[in-house]
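Inside the fold
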Amino acid sequence: MDSNMEQELRKEARKLLDEGKADHIVGFARGSLKFTATPLITREKEEVASLVINPFIVNNLAKFLTEVPGRVGIVAKGCDSRSVVSLIQDNQVSRDDVVIIGVPCSGLIDIAKVEQLVNKDRDEIDDIALQGEKVAVIIGGQKTELPTKEVLFEHCLGCESPTPQEYDILVGIPTNAIGDKELSLRRIKQLEDMVPEQRWAFWKKQLSRCIRCYACRQVCPACFCERCFVEESQPQWISPVSQWQDNLMFQVIRNIHVAGRCTDCGECERVCPQNIPLRSLSKKMSELVDEMFHYQAGIDKDAPALMTAYEPVEAEDLIM
Ligand code: SF4
Ligand code: SF4
Ligand code: SF4
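Residues numbered from 1 in each chain as written. Chains lettered and ligands numbered in written order. Predicted model: local features only at pLDDT ≥ 70, side-chain atom pairs only at ≥ 80, totals over all residues. Heavy atoms only, no water.

**Description of the pattern of salt bridges**
Counted only if it meets this: Think of a salt bridge as a Lys or Arg side-chain nitrogen and an Asp or Glu carboxyl oxygen that are within 4 Å of each other. Where helices and strands are cited, they refer to DSSP runs of H or I of at least four residues and of E of at least two residues respectively, numbered from the N terminus. Under the scheme applied here, a residue whose accessible area is under 20% of the maximum for its type counts as buried, over 50% as exposed, and between as partly exposed, the area being computed with a 1.4 Å probe on protein chains only.
Applying the stated criterion across every chain, the model contains 24 salt bridges. Of the charged contacts in the structure, one is a salt bridge between Lys149 and Asp180, with a shortest N-O distance of 3.7 Å. Residue Lys149 is found in helix H4 (residues 148-151), and its partner Asp180 is found in the loop between strand S8 (169-170) and helix H6 (181-184); the two are separated by 31 residues along the sequence. Owing to a relative accessible area of 22%, Asp180 belongs among the partly exposed residues under this scheme. With a shortest N-O distance of 3.0 Å, Arg217 and Glu231 are connected by a salt bridge. One end of the pair, Arg217, is in helix H9 (residues 215-218); the other, Glu231, is in the loop between H9 and helix H10 (244-257), with 14 residues separating them in the sequence. By relative accessible area, Arg217 is classed as buried at 11%.

Shown next, in the form of structure tokens:
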């Protein structure tokens, strides 16, 4: 992701507004903290000059598509564009109402990992640049190089489509993320290697820390129900009080609801204030969906959504 891409993006976004091909642009602007970006939703032509592309554009902007009116020009990384396609499959968004501005992605940098490796707070770091297999970190004029694999988010290490497959405009050239599937799946493998009692104890401990803030739900583009089951009182599926059994039930049902919709964008885990390893649930669910139904979320906009299609041959496997 370089400044040429940013210029190209700003030019294309401006053109969409000038020509009336989009009513709003949804992209990223520089964040107020160092090494952050923040979602920018605008219809102001001048504001597109603040659009940025960098390794800190973490949000999955597809979340906004169901809320922003009119035709939307949306900046989409590979995983985001899959979420857009998934929303189209679920009839939440019309393909005609969205202009996908695809951004080939080289992976996102987890600033917490950088801070830990260089033993500095982000405010003490002058610059961070993703340069292929290395990430250059400048502190007080001195350059330190870190292996990219050690500072990317775990889900980016397992990314299979860093370049959007569905787009109207592609900014820049197709790219490959610096992947390491084994590293990306390491925590899931550790859980798989546990005996059921250990795994139960692990999740009991993790979910006892959940404060039911619902940030994981709010940030997820695959969670689009107008009324979430957790807010139902008749029947009351789970207690609104945060206790581990109900927290477990919340995550189990949420993961069933996003099965076939989750694109491993990593947002639920990133925003969890309790650092609960939510990707170990969502990614495992995606693997099961692929294994059982040969289905990956957000790949084919013309295919029926997983939960809306049923094959009679599935009955034996699904009915217990
Ligand atoms: S999962 Fe892929 S497309 Fe999404 S942010 Fe990571 S590398 Fe980019
Ligand atoms: S974001 Fe974390 S703490 Fe908040 S409801 Fe989800 S799992 Fe619980
Ligand atoms: S469940 Fe998590 S990883 Fe999957 S789409 Fe939602 S926010 Fe992204």
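**Side note on the packing of aromatic side chains**
Stated precisely, the cut-off is as follows: Pairing of aromatic rings covers Phe, Tyr and the six-membered ring of Trp, with a centre-to-centre limit of 6.5 Å; geometry is then stacked below 30 degrees between planes, edge-to-face above 60, and tilted otherwise. For a lysine, the NZ atom is tested; for an arginine, the CZ atom; a charge sits over a ring if that atom is within 6 Å of the ring centre and within 35 degrees of the ring normal.
Under the defined criterion, the tally for this structure stands at 5 aromatic pairs. Here Trp200 and Trp244 contribute two aromatic rings whose centre-to-centre distance is 5.5 Å and whose plane-to-plane angle is 75°, an arrangement assigned as edge-to-face. A residue pair is termed long-range when its members are at least 10 positions apart, and Trp200 in helix H8 (residues 196-207) and Trp244 in helix H10 qualify at 44 residues. With 5.1 Å between their ring centres and 85° between their planes, Phe202 and Trp203 make a pair best called edge-to-face. With a relative accessible area of 24%, Phe202 lands in the partly exposed category. In this structure an aromatic cluster arises from ring pairing among Tyr214, Phe229 and Phe250. Note that Arg217 overlies the ring of Tyr214, its terminal NZ or CZ placed 4.5 Å from the centroid.

**A closer look at the site of ligand 2**
Put simply, the rule reads: Each residue is tested against the molecule or strand, and it is near if at least one of its non-hydrogen atoms lies within 4 Å. Points on a 1 Å grid, built from protein atoms alone, make a cavity when a 1.4 Å probe fits but cannot get out and make a pocket when they are open with protein on both sides within 12 Å along at least 5 of 7 lines; residues with an atom within 4 Å of a point are the lining residues. What decides whether a molecule sits in a cavity or pocket is whether more than half of its atoms lie within 2 Å of the grid points. Amino acid classes used here: Ala, Val, Leu, Ile, Met, Phe, Trp, Tyr, Cys and Pro are nonpolar; Asp, Glu, Lys and Arg are charged; the rest, including Gly, are polar.
Ligand 2 sits among 13 residues. The nearest are Cys210, Cys213, Tyr214, Cys216 and Cys272. With respect to the detected pockets, ligand 2 is housed in the second largest cavity. Split into classes, the residues belonging to the shell around ligand 2 amount to 10 nonpolar, 2 polar and 1 charged.

**A few points about the pairing of strand S3 (residues 72-76)**
Put simply, the rule is: We treat two strands as partners when DSSP finds at least two bridges between them.
Where burial is concerned, most of S3 is hidden: 5 out of the 5 residues are buried. Here S3 shows a buried face lined by Val72, Ile74 and Ala76 and a second buried face lined by Gly73 and Val75. Pairing of S3 with strand S4 (residues 98-102), which is carried by 5 bridges, proceeds in the parallel orientation. Bridge pairing links Val72 to Val98 in S4.

**Focus: the site of ligand 1**
Around ligand 1 sit Lys77, Gly78, Cys79, Cys105, Gly107, Leu108, His155, Cys156, Cys159 and Pro162, and those are all the residues in its vicinity. If you list the elements that add at least two residues to the shell around ligand 1, you get helix H2 (78-89) and helix H5 (154-157). By residue class, the composition of the shell around ligand 1 is 6 nonpolar, 3 polar and 1 charged.

**Re the environment of Val137**
This is how it is decided: For this analysis, residues touch if any pair of their heavy atoms sits within 4.5 Å.
Among the structural elements, Val137 can be located in strand S6 (residues 134-139). The exposure class assigned to Val137 is buried, which follows from its relative accessible area of 0%. Note: C-alpha distance between Val137 and Lys283 (146 residues apart in sequence) is 30 Å. In this structure, Val137 is in contact with Val114, Val118, Ile125, Asp127, Ile128, Gln142, Lys143, Thr144 and Leu146, ignoring residues within four places of it in sequence.

**Re the side chain of Arg212**
For clarity, the cut-off: In protein, a polar contact requires one atom able to donate a hydrogen and another able to accept it; more generally it is a pair of N or O atoms within 3.5 Å, and residues adjacent in sequence count only if both atoms are side-chain atoms.
Tracing the sequence through the fold places Arg212 in the loop between H8 and H9. Looking at Arg212, its side chain comes within polar contact range of the side chain of Tyr214, at 3.0 Å. One polar contact links Arg212 to Asn247, side chain to side chain, over a distance of 2.8 Å. Once you skip the residues sitting within four places of it in the chain, Arg212 turns out to touch Ile238, Ser239, Pro240, Val241, Ser242, Gln243, Asp246, Asn247 and Phe250.

**Section: the nonpolar core**
What counts here: To qualify as a nonpolar core, a set must consist of buried Ala, Val, Leu, Ile, Met, Phe, Trp, Tyr and Cys residues joined through side-chain atoms within 4.5 Å.
Judged by nonpolar contacts, the single largest core of 56 residues is most densely connected at Ile74, Val114, Ile128 and Val137. Residue contributions to this core peak at 5 residues, all from helix H1 (residues 3-18). Leu191, Leu207, Phe229 and Leu278 belong to the second largest nonpolar core, which has 16 residues in total.

**Examining the sheet that holds strand S7 (residues 142-147)**
As a reminder, the rule being used: Interaxial angle, 0 to 180 degrees, is taken between N-to-C directions of lines fitted to C-alpha atoms, where a helix line uses only the stretch in contact.
Across the sheet, 3 strands lie side by side as S5-S6-S7; this open sheet has antiparallel pairing. What marks the edges here is a single partner per strand, and that holds for strand S5 (127-131) and S7. Across this sheet, the average inter-strand angle for adjacent strands is 20°, counted without regard to direction.

**Describing a nonpolar patch on the surface**
To keep things clear, this is the line we draw: Put simply, a patch holds well-exposed residues, over 30% relative accessible area, that have no salt bridge, with like charges counted together within 9 Å and Val, Leu, Ile, Met, Phe, Trp or Tyr side chains within 5 Å. Only the protein chains shown count as cover for residues, and the accessible areas themselves come from Shrake-Rupley with a 1.4 Å probe.
Judged by side-chain polarity, Met249, Val252, Ile256 and Met307 come together as a nonpolar surface patch covering roughly 340 Å² of accessible area. On the secondary structure map, Ile256 appears in helix H10. The exposure class of Ile256 is partly exposed, given its relative accessible area of 43%.

Just distances and angles here, no functional claims.
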